Amino acid sequence: MFDGARLREARARADGGRGISAAELAVRVGASKAQILAYEHARYCPDPQRIQALAKALGVSPLQLADEAGKASWTLADLRRASGLRARDVTGRLKVSPRGLRRLESEGLVSARSFSLVAAVAECLGVTVDDIEEHLSNVPVVRERLERARVPCGALLERYRAPGRLDVPAPDEPEVVELAALYGRPASVVARLMGHEVLRVRGAQRRLAGFAAVADYGGSADEQADARRGVHAERERIGQISASLPGRLDAFFRCLLPAETWRAVALLQTVRGFGLWLSPGQLGIDASAVTSIPAALCRTSTAGGDGDAALYQISPEGSEHCARYRSWYDVLYPGIRTILQARESQLSGHVSGAALREHFRLAQSVLFSFDGLLCRLFATNLQSVSDHLVQAALALRLSVGPQTPTDPVGMLRDLVRVGSPAQIRRLDHFLTLRETEAAQHAEPLPGAQQLLRVLMEGPWRLAVVTDHAAQAVDTFLAHLAPVIGSDRVRVFGRPANPRLMKPHPHAVALAVGTLGSPHAQTILIGESVADALAARTAGVVFIGLAPTPRKAQMLREAGATVTVGSLREITSVVRSLTTAPYTRGRMP
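For the structure given in this document, a descriptive report is provided here.

Rules and cut-offs
Residues numbered from 1 in each chain as written. Predicted model: local features only at pLDDT ≥ 70, side-chain atom pairs only at ≥ 80, totals over all residues. Heavy atoms only, no water. Helix = DSSP H or I, 4+ residues; strand = E, 2+ residues; numbered from the N terminus. Buried < 20%, exposed > 50% of the residue type's maximum accessible area, 1.4 Å probe, protein only. Contact = heavy atoms within 4.5 Å. Areas by Shrake-Rupley, 256 points an atom, 1.4 Å probe, with all protein chains shown as cover. Expected span 1.5 Å × (residues − 1). Bend = angle between axes of the 7 residues up to and from the residue. Axes fitted to C-alpha atoms, helices over the stretch in contact; angles between N-to-C directions. Parallel < 35°, antiparallel > 145°, perpendicular 65-115°, else oblique. Pairing = 2+ DSSP bridges. Arc of directions from axis to C-beta. Core = buried A, V, L, I, M, F, W, Y, C linked by side-chain atoms within 4.5 Å. 1 Å grid on protein atoms, 1.4 Å probe; cavity = no way out; pocket = protein on both sides within 12 Å on 5 of 7 lines; lining within 4 Å. Points joined across faces, edges and corners; volume = space filled by probe spheres on them. Disulfide = S-S within 2.5 Å. Salt bridge = Lys/Arg side-chain N within 4 Å of Asp/Glu carboxyl O. Polar contact = N/O pair within 3.5 Å; in protein donor to acceptor, adjacent residues only side chain to side chain. Phe/Tyr/Trp six-rings, centres within 6.5 Å; stacked < 30°, edge-to-face > 60°. Lys NZ or Arg CZ within 6 Å of the ring centre and 35° of its normal.

1. Points about the overall build of the chain
Along its length, the chain carries 28 helices and 8 strands. Looking at the 588 residues of the chain, the share that counts as buried comes to 49%. A sequence separation of at least 24 residues applies to 67% of the contacts in the chain between residues at least 6 apart. Summed over all atoms, the accessible surface of the chain reaches about 27,400 Å², with 53% contributed by carbon and sulfur.

In structure tokens form, the structure reads like this:
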């Protein structure tokens, strides 16, 4: 691990570039000149204490004297030694038991109570947690455990991805018990995590099946080519989930935070974008939960200079931890997930559940936008459709400038200004064919199908109001049958005159008039600025879907006063109005 040549180079650069002799360095570290020369000529390797002394005397870090060529194969113990530290140095600094450090270095395991050990060791060695994980993967026992874990992980994913399976692994299944023993964690915890991964694989399989059908039976060569790329991407995703799962479990169990500690970290993450320093009281949690956060995951400051009131902010490492493991924590701590969703909704300025419920209680009709709310129509071939529409426009001798929108509908809206009615009709026909082809295999976005189903159990009149072709929407809704009754949903697609597309209120007003409900008792659920502007001009209630603070801000700037973070929030409210004692009779 030690590189004598780098020691010699550091000695030549020492003291501001003037360099020092081997004899002088020997005096500084309490060694002999012969020992220094032996180190430099790789005849002898200094022990960790001597490495530390050499680095200090030369004004460099111990790792700057290490052999970089062999670093990729180091274990964690090798990294510690190269950092100039003995095991007793680390345990003394961190106030941890020698057994705990030894178990981490030799087996890559920590107890549930030692969740901060990896982060603390990383800080002690002056490296990142990812560096620690990289070197732990070289430990023979860890490699053996990962290989042993691949068999039960693969067996569970393969069994539960079979057609017709709707259940998830149970804690008493042999493979779950085996994984629990390997990682030293409760079988119930392992079962929940494996269930989450099973659902991820099933989602990828659904998408793959849709792409595969289009790849074989698509209406055009371009559509089939796009679908084949989709098949390849989903197969790679399934393979990546399966191959990486043992390693992800291994790393997660080394840093799995207790419930209250995770709650504190996640609450700090929710306010990260505001750049605030907050006290435990401002976060609404106990101080002990914040002080239990590993030091690498948060920053600490004091308020008012009194030195007593500690304030906290999440660190970049903490944000990375949240991004990497949030979905697994949501599975393990569902109660905290609910708290976080409520806090995120409040911070985004979303409407309260009670206010949302009142809007639906008073409403007679509910309108939806389409692309971006119910599905992603061109999820896999947006660029291809846009390129073909540009070619069609150029063939019609229409000017497509650099400022023309890149999405197909936006492009058509923009070209209306320069094209003749005949030219626009031909472009509209071309786009309609592409939209209808895409709708045949478009998958509903998360929560869309459930919301439609729950609304159909109530008295509301339902309609889709969109700038896409009505034929494409009908195709998509028919694809959802019999899960939802598509005959109950009216469709108001792209108007014959594209100048009347949103943000023009034409389609919204037409839907309101056709359904026969007052404007004030009609809701439009949308996700775009055009939806918000059209609803405001038409005088109907607008509910904006804004999963990110940036999206919420955009909708508010367009005049939206009612936003939600997900369709699940609407579904929950609607369900409360369609169950006793709140069920109303169906409207004609």
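2. Let's talk about helix 13 (residues 221-255)
Taking 1.5 Å per residue as the helical rise, helix 13 with its 35 residues ought to reach 51 Å, and the 49 Å between its terminal C-alpha atoms agrees with that figure. Remark: the principal bend of helix 13, roughly 45°, maps to leucine 245, with a proline, proline 246, within the next four residues.

3. Remarks on the packing of helix 8 (residues 117-125) against helix 9 (residues 129-136)
At a minimum axis distance of 8 Å, the contact between helix 8 and helix 9 shows a crossing angle of 105°. The angle between the axes of helix 8 and helix 9 places the two elements in the roughly perpendicular class. Contacts between helix 8 and helix 9 involve Val118, Ala119, Val121, Ala122 and Leu125 from the former and Val129, Ile132 and Glu133 from the latter.

4. Thoughts on the sheet that holds strand 7 (residues 541-545)
Spatially, 6 strands are ordered 5-4-3-6-7-8 in an open sheet, and the strand pairing comes out parallel. Only two strands of the sheet have a single partner each, and these edge strands are strand 5 (489-492) and strand 8 (563-564). The pairing of strand 6 (residues 522-526) with strand 7 spans 4 bridges and is classified as parallel. Of the residues in strand 7, the one forming a bridge with isoleucine 523 is valine 541. Helix 24 (residues 470-480) rests against strand 4 (461-465) and strand 5 of the sheet, and its axis sits at about 155° to strand 5.

5. Describing helix 25 (residues 506-515)
Inspection of helix 25 places Ala507, Val508, Ala511, Val512 and Leu515 among the buried residues, and these make up the whole buried set. End-on, the buried residues of helix 25 take up no more than an arc of 135°, which puts them together on one face.

6. Some points on the side chain of aspartate 226
Along the chain, the position of aspartate 226 falls in helix 13. With a relative accessible area of 4%, aspartate 226 lands in the buried category. With near-sequence residues (within four places) excluded, aspartate 226 lies in contact with Thr380, Asn381 and Ser384.

7. Comments concerning the nonpolar core
Membership of the largest hydrophobic core comes to 80 residues, with the highest contact counts inside it found for Ile132, Leu179, Met194, Leu249, Phe252, Phe253 and Trp262. Ranked by the residues each element gives to this core, the list is headed by helix 12 (residues 187-217), at 10 residues. Apart from residues lying up to four places away in sequence, methionine 194 is in contact with Cys153, Leu156, Leu157, Pro169, Leu179, Leu245 and Leu249. The next biggest cluster of nonpolar side chains, apart from the first, holds 60 residues, and it includes Leu356, Phe368, Ile424 and Ile570.

8. Structural notes on the pairing of strand 3 (residues 365-368)
Residue alternation in strand 3 divides its side chains into two sets, Ser365 and Leu367 and Val366 and Phe368, and both sets are buried. Bridge analysis of strand 3 against strand 4 gives 4 bridges, and the strand direction is parallel. Along strand 4, the bridge assignment pairs valine 366 with leucine 462. Two elements, strand 3 and strand 6, share 4 bridges in a ladder whose sense is parallel. Residue pairing in the sheet places valine 366 in a bridge with isoleucine 523 of strand 6.

9. Describing the layout of surface pockets
Considered as a void within the structure, the second largest pocket measures approximately 580 Å³ in volume. Looking at the second largest pocket, it is lined by 31 residues, and the ones nearest its centre are Asp130, Cys255, His321, Arg324 and Tyr325. At the level of secondary structure, the elements contributing two or more residues to the lining of the second largest pocket comprise helix 8, helix 9, helix 12, helix 13 and helix 17 (316-332). Here the element with the most residues in the lining of the second largest pocket is helix 17; it accounts for 10 residues.

10. Structural notes on the state of the cysteines
Under the definition given, this model contains 0 disulfides. Looking at the unpaired cysteine 255, the closest cysteine sulfur is the one in cysteine 322, lying at 11 Å. You can call cysteine 255 buried: its relative accessible area is 17%. Take cysteine 322: its relative accessible area is 6%, and that puts it in the buried class.

11. Examining the pattern of salt bridges
Counted by the stated rule, this structure contains 29 salt bridges. Note that aspartate 250 is salt-bridged to arginine 254, the shortest N-O span being 2.5 Å. Of this pair, aspartate 250 and arginine 254 both sit in helix 13, 4 residues apart, which is roughly one turn of that helix. In this structure, aspartate 250 and arginine 254 share a single accessibility class: buried. For glutamate 320, the salt bridge is made with arginine 324, and the minimal N-O distance between the two is 2.9 Å. Remark: arginine 324 and glutamate 320 occur in helix 17; sequence separation between them is 4 residues, near one turn of the helix. Judged by its relative accessible area of 38%, glutamate 320 falls in the partly exposed class. Accessibility expressed as a relative area gives 40% for arginine 324, which makes it partly exposed.

12. Description of the environment of aspartate 531
Structurally, aspartate 531 can be placed in helix 26 (residues 529-538). In this structure aspartate 531 comes out as buried when scored by relative accessible area, which is 2%. On a C-alpha basis, the gap between aspartate 531 and leucine 182 in space is 53 Å, while along the polypeptide they are 349 residues apart. Contact partners of aspartate 531, with chain neighbours within four places excluded, come to Ser369, Lys502, Leu524, Gly526 and Phe542. At 2.6 Å, the side chain of aspartate 531 and the side chain of lysine 502 are in polar contact.

13. Structural notes on the packing of aromatic side chains
Evaluated as defined, the whole model comprises 12 aromatic pairs. Plain terms: the ring middles of tyrosine 39 and tyrosine 44 are 5.9 Å apart, the flat faces sit at 20° to each other, and that makes the pair stacked. A relative accessible area of 3% places tyrosine 39 in the buried class. Ring plane angle 90° and centroid distance 6.3 Å describe the contact between phenylalanine 360 and tryptophan 460, whose orientation is recorded as edge-to-face. One end of the pair, phenylalanine 360, is in helix 19 (residues 353-362); the other, tryptophan 460, is in the loop between helix 23 (448-456) and strand 4, with 100 residues separating them in the sequence. Using a relative accessible area of 1% as the deciding quantity, one classes tryptophan 460 as buried. An aromatic cluster is present here, built from Tyr183, Phe252, Phe253, Trp262, Tyr325, Trp328, Tyr329 and Tyr333 joined pairwise through their rings. When the ring centre of tyrosine 160 is taken as origin, the NZ or CZ atom of arginine 165, which lies over that ring, is 4.3 Å away.

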